[in-house]
Amino acid sequence: MTTPAPAPRRAGRPEWAGRNYTLLTAAAVVTNLGSHGALIAAAFAVLQSGGDGGDVGLVAAARTLPLVLFLLIGGAVADRLPRHRVMVSANTLNCLSQAAFAVLVLAGEAQLWQMMLLAGLGGAGHAFFSPASEGMLLSSVQGEQAGRAFALYRMAMHGAGIGGAALGGAMIAAIGPGWVLAVDAAAFAVAGSLRAFLDVSHIAPREPGEGMLADLREGWREVAGRPWLWSIVLQFAVVNAVVGAAEAVYGPLVARDSLGGPGPWGLALAAFGAGTVGGALVMMRWKPRRLLLAGTLCVFPLALPSAALALPLQVAPLVAVMFFSGVAVEVFGVSWMTALHQEIPEDKFSRVSAYDWLGSLALLPVATALAGPAESAFGRTASLWGCAGLIVLLTAAVLLVPDVRRLTRRTKSVTVAQPASGAASADAEGAVGRLG
């Protein structure tokens, strides 16, 4: 992997926090402050226009479908074109679609098909933005401080998301969902302006490719040739799906029937968010040598929330469980980003990220759709225990992959000229300490 040249830094800023990294972090804070409130606002806008819960689901599905459909194309485009231009273009699309959404809601003329169309445009923008953003972030840091940089970035992003959801909820109650959507449009404009100043001069010009399909095949070979990569992507396709079903479907039902209403469940979700910030703080200081072993062991606690809902635990222990699982998943997240950063060639960052995102999202709509029928067929308690069991079994299976157990943190920057297969990545540790 080609590492970027050090960028000039201002006094008082850590050496690893270069100009690009600082701009990316600031822009992520701005967009997360706006977008987390806007997700809530979109749901209330549908209800305010006379829609019901099914209509809210349709708007959410309209946002998710183009995100899944265009992710791979977005990854290929981001590895072919300057990533900051892809990011700014996606932010522009998101800004315009959210502004139109806000105008319709404020005018009181929003119809369901219009809201679905605008939500779909937002999802398409996100499909191009996410791989470009992750590729740009991975290329903006270097050396053994990469894990710390990723931890700080994720902490800032999660913290802004928590604040944005709380602020958005308060603003919806005070001034209505339309203004919250307008604020989100403005946030995209500000973030896009910041990202326009990203410097890509350290990234080598792309060689002319053979076309989009060839680029996608090359990205797939990069994923398929690394057992640690594709096994964890497959693992999280199911883990994210069952966690999403438990949180989106079963959690509110358990809260209604056993915990006293939506308030305790909202508190539990807030505890999970706080846990992710806590996990990022942990990873600012802890640098596990065996990256993926430490990260994968921290996936086991993701089974605890489903088990807690199956029992069900009362509010205080449930909040503690959610906080702990948030800490654990963030340990995995930082370890995963660090592994991608050191193992994947820079010119393939975005395509690999796109396959990762696709795996993470593909089964989520299916799982949430099947959660209700599963409850009817097996009962809520059995369904929740099934969610927990799947997480445990899949995580244990991933630990059987040798490269997952053996991949280690590098202590020196090196250049990776060719993707490593499972056999090639199992070479001697040598001077760089890749695998032990």
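Draft legend 1. Seen up close, the overall build of the protein. From N to C terminus, the protein includes 16 helices and zero strands. Going through the 436 residues of the protein one by one, you find that 51% of them count as buried. Within the protein, residue pairs in contact and separated by at least 24 positions form 86% of the contacts whose partners lie at least 6 positions apart. Surface summary for the protein: the accessible area is close to 18300 Å², and the carbon and sulfur share equals 69%.

Draft legend 2. The arrangement of the environment of Phe323 in detail. Considering the arrangement of structural elements, one finds Phe323 in helix α12 (residues 315-343). With relative accessibility at 39%, the residue Phe323 sits in the partly exposed group. On a C-alpha basis, the gap between Phe323 and Pro305 in space is 9.7 Å, while along the polypeptide they are 18 residues apart. Sequence-distant contacts of Phe323, defined by excluding residues within four places in its chain, comprise Ala271, Phe272, Ala274 and Gly275.

Draft legend 3. Fine view of helix α15 (residues 380-398). In this model, α15 (19 residues) spans 27 Å end to end at C-alpha, consistent with the 27 Å of a helix rising 1.5 Å per residue. Where α15 is concerned, the buried positions are Ser383, Leu384, Cys387, Ala388, Ile391, Thr395 and Val398. Projection of α15 onto a plane perpendicular to its axis shows the buried side chains occupying an angular sector of 140°, all on one side. In this structure, the buried residues of α15 make contact with α8 (227-259), α10 (291-297), α11 (304-310), α14 (364-378) and α16 (402-406).

Draft legend 4. Structural view of a nonpolar patch on the surface. Together, Leu65, Leu69, Phe70, Ile73 and Met212 line one region of the surface with nonpolar side chains, adding up to about 430 Å² of accessible area. The element that contributes the greatest number of residues to the nonpolar patch is helix α2 (residues 53-80), accounting for four residues. In this fold, Phe70 is placed in helix α2. Exposure remark for Phe70: the relative accessible area of 34% places this residue in the partly exposed category.

Draft legend 5. How the structure looks around the nonpolar core. Core analysis: the largest hydrophobic core is formed by 81 residues, its most contacted members being Trp228, Leu229 and Trp336. No other element matches α8, which puts 15 residues into this core. When sequence neighbours within four positions are dropped, the list of residues in contact with Leu229 reads Glu222, Val223, Trp336, Leu340, Ile344 and Val352. Counting residues in hydrophobic clusters, the runner-up holds 18 residues, among them Ala38, Ala45, Val46 and Leu104.

Draft legend 6. Region of interest: the environment of Leu311. Structurally, the position occupied by Leu311 is in the loop between α11 and α12. Residue Leu311 is classed as exposed on the basis of its relative accessible area, which comes to 55%.

So, how was this worked out
Residues numbered from 1 in each chain as written. Predicted model: local features only at pLDDT ≥ 70, side-chain atom pairs only at ≥ 80, totals over all residues. Heavy atoms only, no water. Helix = DSSP H or I, 4+ residues; strand = E, 2+ residues; numbered from the N terminus. Buried < 20%, exposed > 50% of the residue type's maximum accessible area, 1.4 Å probe, protein only. Contact = heavy atoms within 4.5 Å. Areas by Shrake-Rupley, 256 points an atom, 1.4 Å probe, with all protein chains shown as cover. Expected span 1.5 Å × (residues − 1). Arc of directions from axis to C-beta. Patch = residues over 30% accessible without salt bridge, like charges linked within 9 Å, V, L, I, M, F, W, Y side chains within 5 Å. Salt bridge = Lys/Arg side-chain N within 4 Å of Asp/Glu carboxyl O. Core = buried A, V, L, I, M, F, W, Y, C linked by side-chain atoms within 4.5 Å.

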